[in-house]
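# Observations on the three-dimensional arrangement
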Amino acid sequence: MKKILIINLFTFITATCFSQFFNKQRLDSLFQVLEQKNKFMGSIAISQNGKLLYSNAIGFVDIEISKKTNNQTKYRIGSISKMFTATLILKAVEEKKINLNQSLSKYFPQIENSKKITIENLLNHRSGIHNFTNDSIYLSYNTQFKSQKEMIEIITKGKSDFEPNSKAEYSNSNYVLLSFILEKIYKEDYAKILNKKIIKPIGLKNTYFGSKTNLSINESYSYSFEDKWIKETETDMSIPMGAGAIVSNPTDLTIFVEQLFAENVISEKSLTLMRTINEKFGLGMFEFTYLDKKGYGHTGGIDGFQSVVNYFPEEKLAIAITSNGTVYPNRSILLCAESSYFNKPFEMPTFENIEINSEILNSYVGQYTSSQIPLKLTITKQENKLFAQATGQSAFPLEANTTNMFKFEPARIVLEFNSLKNEMTLKQGGKEFLFTKGK
């Protein structure tokens with residue numbers, strides 16, 4: 001008993017120390033510069049052991065009428081919805097409504113390989129079912145209502161990309177199917193199941209299955225940035241379902257992940273299954289690392305919304321970020337939050353770009369290839385600004401830090417040019433790749 005008391009006391013002291021030394025000023029400074037430079041719109045919440053350490057919100061829910069966001073503003077959270085859906089499936093397992101080894105054929109026999117695909121394969125992206133959001137046609141219908149029958153037809157038509165359980169590959173189709181399976185076994189709409197099994201029991205005040213954006217209840221529109229903020233279209237929530245249709249805010253997301261890991265939503269056994277990683281994927285969960293620390297959570301993206309939630313079990317630390325307009329990436333804000341808690345260095349952005357002579361920019365224009373990676377990069381110039389484009393992808397703008405070094409902040413890409421040698425070095429994620437300019 002004495003040993004247990006000592007361990008508990010040590011845990012309390014450690015948690016208290018971290019809370020005392022949490023660098024709130026660093027995050028305040030980051031959000032101040034992001035607001036001043038118009039690089040981010042969104043919100044953050046950080047809690048430890050159920051106590052809110054920090055929250056902040058900047059930007060607008062509607063730029064046209066200059067309506068500002070606040071800490072209670074709600075955002076579409078995209079694929080973080082998958083954590084909720086996986087939790088609902090595991091609750092259904094606990095209630096003996098379904099089991100993880102059941103085959104998909106019981107519910108949707110028309111889908112290719114359905115007899116070989118298990119519920120667990122859907123949960124950890126090992127089904128092989130084609131991801132319908134990867135198809136170019138997706139953006140031609142994503143704003144329109146789709147019935148369950150229509151969505152099953154779309155997924156069925158996509159067929160399989162690989163043999164079930166042979167590897168892992170992310171597919172939204174998996175979680176749309178899981179949503180419909182939940183509706184079949186509970187004989188209720190997904191929204192009602194979500195409300196009954198998760199939202200009400202743990203007291204979430206700002207989380208629900210989404211619909212058309214409603215500013216009157218403090219929801220937000222989303223935006224992309226092209227020299228100015230451009231309002232995005234709205235995906236109809238009948239399409240992503242439990243793969244991406246939930247609306248929430250950072251405070252609610254921290255409560256959800258804390259309650260999940262406190263085993264107040266599902267059992268310890270179910271949580272262990274959920275956080276067991278197999279080729280990058282758990283059951284509705286990713287593994288995050290910060291230095292030697294290990295966390296669990298998910299990212300999300302839908303329309304112009306981006307989100308992330310991360311939980312460090314050892315520290316009982318929850319961090320959630322939701323954004324409705326992103327130039328400076330959520331991942332960098334997450335790093336700032338983590339460094340502020342763990343008392344580690346962080347490089348604060350300045351966004352101080354310089355104007356480069358047009359002739360110098362012209363010397364960088366061209367197509368570049370690398371022997372290190374099978375990627376072609378085309379550099380073009382428009383109105384004294386460089387753009388980079390990888391084969392088969394959209395062009396993205398480059399901002400100059402020096403006369404030969406350019407950055408694309410959302411992907412944390414740095415391109416360093418050497419025009420004398422007709423070379424360019426791409427730096428990303430701590431790695432460097434040398435490219436040569438074609439003649």
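One structure accompanies this document, and this report is about it. (Residues numbered from 1 in each chain as written. Predicted model: local features only at pLDDT ≥ 70, side-chain atom pairs only at ≥ 80, totals over all residues. Heavy atoms only, no water.)

### Comments concerning the pairing of strand S1 (residues 40-48)
Burial runs high along S1: 9 of the 9 residues are buried. Neither face of S1 is open: one carries Phe40, Gly42, Ile44, Ile46 and Gln48, the other Met41, Ser43, Ala45 and Ser47, and all of them are buried. Here 9 bridges tie S1 to strand S13 (residues 317-326), and the two strands are oriented antiparallel to one another. Paired with phenylalanine 40 across the two strands is threonine 326, which belongs to S13. In this sheet, strand S2 (residues 51-58) lies alongside S1 in antiparallel orientation, the contact comprising 7 bridges. Across the sheet, glutamine 48 pairs through a bridge with lysine 51, a residue of S2. Counting the residues in the hairpin turn of S1 and S2 gives 2 residues, including asparagine 49, whose phi is positive at 55°. (Buried < 20%, exposed > 50% of the residue type's maximum accessible area, 1.4 Å probe, protein only. Helix = DSSP H or I, 4+ residues; strand = E, 2+ residues; numbered from the N terminus. Pairing = 2+ DSSP bridges.)

### Describing the packing of aromatic side chains
Applying the stated rule across the entire model yields 21 aromatic pairs. Ring centres of phenylalanine 132 and tyrosine 138 lie 5.9 Å apart, and the angle between their planes is 65°; on these two criteria the pair is classed as edge-to-face. Phenylalanine 132 gets classed as buried once you look at its relative accessible area, which sits at 2%. Each ring, one from tyrosine 364 and one from phenylalanine 406, has its centre 5.9 Å from the other, and the planes form 80°; the classification is edge-to-face. Highlighted residues: tyrosine 364 in helix H11 (residues 358-364) and phenylalanine 406 in strand S19 (residues 405-408), separated in sequence by 42 residues. (Phe/Tyr/Trp six-rings, centres within 6.5 Å; stacked < 30°, edge-to-face > 60°.)

### A word on the packing of helix H5 (residues 148-158) against helix H6 (residues 172-186)
Interaxial distance between H5 and H6 falls to 11 Å at its minimum, and their mutual angle equals 140°. Read as a crossing pair, H5 and H6 show a hand that is left-handed. Along its contact with H5, which presents Gln148, Met151, Ile152 and Ile155, the element H6 presents Ser173, Val176, Leu177, Phe180, Glu183 and Lys184. In terms of residue class, the contact of H5 with H6 is built from 6 nonpolar, 2 polar and 2 charged. (Axes fitted to C-alpha atoms, helices over the stretch in contact; angles between N-to-C directions. Left-handed = near helix turned anticlockwise from the far one by under 90°. Contact = heavy atoms within 4.5 Å. Nonpolar A, V, L, I, M, F, W, Y, C, P; charged D, E, K, R; others polar.)

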